[in-house]
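Given next are the chains, with one letter for each unit.
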Amino acid sequence: MNHAALAITTPIGVVGAGAMGAGIAQIAAAAGHTVRLLDNREDAARQAIETIQAQFSKMAAKGKMTAEAAHAAGQRLHPASAVAELADTGLIIEAIVENLEVKRQLFRELETLCDASCIFATNTSSISVTSIAAGLSNPKRLVGMHFFNPAPLMALVEIISGLATDPALAQSLFDTAKAWGKTPVFAKSTPGFIVNRVARPFYAEALRLLHEGAADCATLDAIVREAGGFKMGPFELMDMIGHDVNFAVTQSVWRAFYHDPRFLPSLIQQELVDAGYLGKKTHRGFYDYAANAVRLPPQTEAPLALPTHITVCGTSKAATALVNRLTAAEINFNTATAHDSRIAEVDGVVIFETDGRSATQRAHATGIQALVLVDIALDYDKASRIALCLAQQASTKAHPAAVGLYQAAGYAVSTLNDVPGLAVMRTVAMLANEAADAVNQGVCDASGADTAMQLGVNYPRGPLAWADDIGVANIQTVLSHLGAFYGEDRYRVSPLIQQAVYAGRTLHG
C-alpha cells in the first residue's frame, strides 16, 4: 500500500529540461501530477514539453495509453520561467549540472521560496547527498532520487538518504516512485550509491584482463555475453556509455574512497580519453565505428576432432551440463565420481572449473601437468560459448582434446591466455564482493543490491544471488586466490562473505 506516496494532486517541480529532467517530468505527468518544468536555457522547457507531448501521442498511437490519457498528461506539463514559479509545489526534483555549488545554490534559493512541507530531491548520480543538503537551513528535507537514463523506460530509482535526511521523507519518495510505476531501492549516501559503485568491477576486471593480454576486446565481450549471459560485453558497453563519462565515474569513486585499489582507474582507458577515442559518439573507442570499418570477430577455435576417451566426473553444474549436451549430441562417454573438483578427463587431460588460480599455478599445486581450466557460465545448458585456458606444463595435445570435448558439446570455444579466474568467474566474484561490501557497510540490503544491478544495468542475475548459486565458499576461494596471486588489496574478501562462509549461510540468508 502506497500510504506515504504523494497525492496526484501534489504539483511537482522539475529543474533541468535535459534528457533526464524531461524524462522525470514525463513520468510525473503520466502518473497524474501537474508538472512545472524549469530550465535556465531560453525556451528549453517549452521545447522539452513539446517533445514529451509528442511522445505521449506516439504512445497513444501504439495503444500504450488512450488518446484521452495522452492528451491529459500532456496538458499537465507547464514551462516555468523563474524559480519563484515552483514555490507552491510539493516536490521539487533537481536534474541540473553535476556541480556541488550550483546544486547548493539552487536549493538555498528554493528554501527561501517554498513552504517547509515541500520535499527537495536531487537526481545526482555522483555527488554526496549529505554535501548538497549541508547548504540548507533544514537539511532533513533533501533526499536523493536517482533515476536512470532513459528515465521513462528504466524501472530503477535509487532513494538515497544523506546523513540528515528525514527517514519519513525518504519513505514518502520511495512510495511515490513505486506509485509512478518504478522499482525503488533504498541507499545510503556513499560514493557511487549502489549501481555506480557495484558496477565498477565489470569494467575494471575486463580492462585488467585486456592489459594482461588474456584476449582481445571482441573475444572478452563475446565470453561475457555468450557464457556470462550479460546483454553487452564490458568493452562495447564502455564504448556506448562514452569513455569520458565512464572514466570520470571511475575516477570519482576511486578518489571518494581515498584511492582504494578496488576502484583503480585503467591506464588503457586513460589513453583512450587522452586520444579523444570516446566510443560510439566519436566513432572510435575499443572498436572502430567508421562507416567502412570491419569488426573483427571473437577468437573462436576452429573445429577439432572429438577426443577418443571421455569421462565426465561428478555432478557439478558444469559436469551435469556436459552430460546433458553430450547425450543430446549422441556422443559416447563414461561417467565417474569426482574424487576432487574435476569436471572431466579426456585423453589423459584433466579439466577443472576455475577456482581463481591460474592453470599453471594449479598444475604445479596438484602435480597434474595436463591440466585445463574452464570458465563458469550463467547457464551451462543454454550457453553458446565457453572459455578455457591451458597450464604451461601441459603438452601440445592437451589443448585440442579439451577444445574438441566442448565443441562436441555444442559450445563455441575461446581460449584465453593463462590468467587467474578467467573472465566470467573473475567478474562475477568481484561484482559479488563489491555488492557484499555495500551491504556490509549499510549502503543497502542484499535484495536492494541485486535489484539495483538487475534493473539499473540489466545484469542477468543479481551479484549476491549469483554468488549464492556458485557457492559463497567458492567465491571466497576465488577472491583469496586472486589476492594471493596478485598480492593486492584489490581482491580482499568482504567481511560479509567471510562471515557467511563461517556461519554456513547464503548472502541472502
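Please read all numbers here as calculations on a predicted model, not as lab measurements.

Engineer: Which parts of the structure should I look at to understand the overall build of the chain?
Structural biologist: Per the secondary structure count, the chain includes 20 helices and 15 strands. Its C-alpha atoms give the chain a radius of gyration of 26 Å, within 12% of the compact-globule value 23 Å for 509 residues. Viewed in the frame of its principal axes, the chain has a C-alpha envelope of about 80 × 50 × 45 Å. A total accessible area of about 21100 Å² is found for the chain, and carbon and sulfur atoms account for 53% of it. Positive and negative side-chain charges of the chain, numbering 39 and 47 respectively, have mean locations separated by a distance of 2 Å.

Engineer: For this particular structure, what's the right way to read the sheet that holds strand 8 (residues 183–188)?
Structural biologist: In sheet architecture, strand pairing relies on hydrogen bonds along the backbone and comes in two forms, parallel and antiparallel. Strand order in the open sheet made by the eight strands is 3-2-1-4-5-6-7-8, with mixed pairing throughout. The two strands at the open ends of the sheet, each matched to only one other strand, are strand 3 (77–80) and strand 8. Neighbour-to-neighbour, the strand axes of the sheet open up by a mean angle of 25°, direction not taken into account. Bridging between strand 4 (residues 91–94) and strand 5 (residues 119–122) involves four bridges; their strand directions are parallel. Paired with Ile93 across the strands is Ala121, a residue of strand 5. Along the sheet, helix 2 (residues 44–61) contacts strand 2 (35–38) and strand 3; its crossing angle with strand 3, the most-contacted strand, is approximately 170°.

Engineer: For this particular structure, what's the right way to read the packing of aromatic side chains?
Structural biologist: In this description, an aromatic ring pair is defined by two values, namely the gap between the centres and the angle between the planes. Tallied over the entire structure, the rule returns 12 aromatic pairs. Relative to Tyr459, the ring of Phe202 lies with its centre 5.6 Å away and its plane at 40°, an arrangement referred to as tilted. Of this pair, Phe202 sits in helix 8 (residues 200–211) while Tyr459 sits in the loop between helix 17 (446–456) and helix 18 (463–470); the two residues are 257 residues apart in sequence, bridging distant segments of the chain. Relative accessible area serves as the criterion here: at 2%, Phe202 is assigned to the buried category. For Tyr459, a relative accessible area of 6% gives the class buried. Centre to centre, the rings of Phe485 and Tyr486 are 5.2 Å apart; their planes meet at 75°, and the pair counts as edge-to-face. Looking at Phe485, the relative accessible area reads 39%, which means it is partly exposed. Looking at Tyr486, the relative accessible area reads 19%, which means it is buried.

Engineer: Quick question: what am I supposed to make of helix 6 (residues 167–179) here?
Structural biologist: An α-helical turn contains 3.6 residues, so any two residues separated by three or four positions project in the same direction. End to end, helix 6 covers 18 Å across 13 residues, agreeing with the expected 18 Å (1.5 Å per residue, within 8%). For helix 6, every residue scored as buried is listed here: Leu169, Ala170, Ser172, Leu173, Phe174, Asp175, Thr176 and Ala177. Among the structural elements, strand 4, strand 5, strand 6 (142–147), strand 7 (156–161) and strand 8 are those in contact with the buried residues of helix 6.

Engineer: What exactly am I supposed to notice about the sheet that holds strand 14 (residues 385–390) here?
Structural biologist: In space, the seven strands of this open sheet follow the order 10-9-11-12-13-14-15, with mixed pairing throughout. Each edge of the sheet is formed by a strand with only one pairing partner; in this case those strands are strand 10 (334–336) and strand 15 (412–415). Between one strand axis and the next, the sheet turns by 25° as a mean value, whatever way the strands run. As paired strands, strand 14 and strand 15 are joined by four bridges and run parallel to one another. Counted as the bridge partner of Leu388 is Thr415 from strand 15.

Engineer: Honestly, the pattern of salt bridges in this entry has me stumped. Any pointers?
Structural biologist: Once the charged atoms of two side chains with opposite charge are near each other, the side chains can pair. All chains considered together, the criterion is met by 25 salt bridges. Across the salt bridge formed by Glu50 and Arg46, the nearest N and O atoms sit 2.4 Å from each other. Residue Glu50 and its partner Arg46 are both found in helix 2; the two are separated by four residues, about one turn of the helix. What makes Arg46 partly exposed here is its relative accessible area of 34%. For the salt bridge of Asp469 with Lys317, the shortest nitrogen-to-oxygen distance reads 2.3 Å. With Asp469 in helix 18 and Lys317 in helix 13 (residues 317–328), this residue pair connects regions lying 152 residues apart in the sequence. Sharing partners across several salt bridges, the network here consists of Arg197, Arg262, Glu434 and Asp437.

Engineer: How do you make sense of the packing of helix 10 (residues 234–241) against helix 11 (residues 243–256) when you look at a structure like this?
Structural biologist: One way to put it is that helix 10 packs onto helix 11 with a least axis distance of 6 Å and a crossing angle of 105°. By the angle between their directions, the pair helix 10 and helix 11 is classed as roughly perpendicular. Residues Met238, Asp239 and Ile241 of helix 10 lie in contact with helix 11, whose contacting residues are His243, Val245 and Asn246. Among the residues forming the contact of helix 10 with helix 11, the class breakdown is three nonpolar, two polar and one charged.

Engineer: How should unusual backbone geometry be read in this particular structure?
Structural biologist: Backbone phi values are negative for most residues with the exception of glycine, while trans is the configuration of most peptide bonds. Here the amide bond leading from Asn149 into Pro150 is cis, since omega sits at 0°, within 30 degrees of zero. Its place among the elements puts Pro150 in the loop between strand 6 and strand 7. Despite not being glycine, Asp43 has its phi angle at roughly 70°, a positive value. Position of Asp43 among the secondary structure elements: in the loop between strand 2 and helix 2. For Asp43, a relative accessible area of 34% puts it in the partly exposed group. Notably, Leu422 is not glycine yet its phi reads approximately 50°, a positive angle. By the secondary structure assignment, Leu422 is in the loop between strand 15 and helix 16 (424–440).

Engineer: Help me understand the pairing of strand 4, please; the structure alone is not making it clear to me.
Structural biologist: Within a regular strand, the side chains alternate between the two sheet faces. Burial of strand 4 is two-sided: the residues Leu91 and Ile93 facing one way and the residues Ile92 and Glu94 facing the other way are all buried. Note: strand 1 (residues 12–15) against strand 4, four bridges, orientation parallel. Within strand 4, the position partnered with Ile12 by the bridge is Leu91. Where the polypeptide runs from strand 4 across helix 4 (residues 100–113) and back to strand 5, its parallel neighbour, the crossover connection is right-handed.

Engineer: Sorry if this is basic, but what is going on with the environment of Leu142 here?
Structural biologist: Position of Leu142 relative to the elements: it lies in strand 6. Spatially, the C-alpha atom of Leu142 lies 6.0 Å from that of Thr165, the residues being 23 residues apart in sequence.

Conventions and cut-offs
Residues numbered from 1 in each chain as written. Predicted model: local features only at pLDDT ≥ 70, side-chain atom pairs only at ≥ 80, totals over all residues. Heavy atoms only, no water. Helix = DSSP H or I, 4+ residues; strand = E, 2+ residues; numbered from the N terminus. Rg over C-alpha atoms; globule rule 2.2 N^0.38 Å. Areas by Shrake-Rupley, 256 points an atom, 1.4 Å probe, with all protein chains shown as cover. Lys, Arg positive; Asp, Glu negative; His and termini not counted. Charge placed at Lys NZ, Arg CZ, Asp CG, Glu CD. Pairing = 2+ DSSP bridges. Axes fitted to C-alpha atoms, helices over the stretch in contact; angles between N-to-C directions. Contact = heavy atoms within 4.5 Å. Phe/Tyr/Trp six-rings, centres within 6.5 Å; stacked < 30°, edge-to-face > 60°. Buried < 20%, exposed > 50% of the residue type's maximum accessible area, 1.4 Å probe, protein only. Expected span 1.5 Å × (residues − 1). Salt bridge = Lys/Arg side-chain N within 4 Å of Asp/Glu carboxyl O. Parallel < 35°, antiparallel > 145°, perpendicular 65-115°, else oblique. Nonpolar A, V, L, I, M, F, W, Y, C, P; charged D, E, K, R; others polar. Right-handed = clockwise from strand over helix to strand, strands pointing away.

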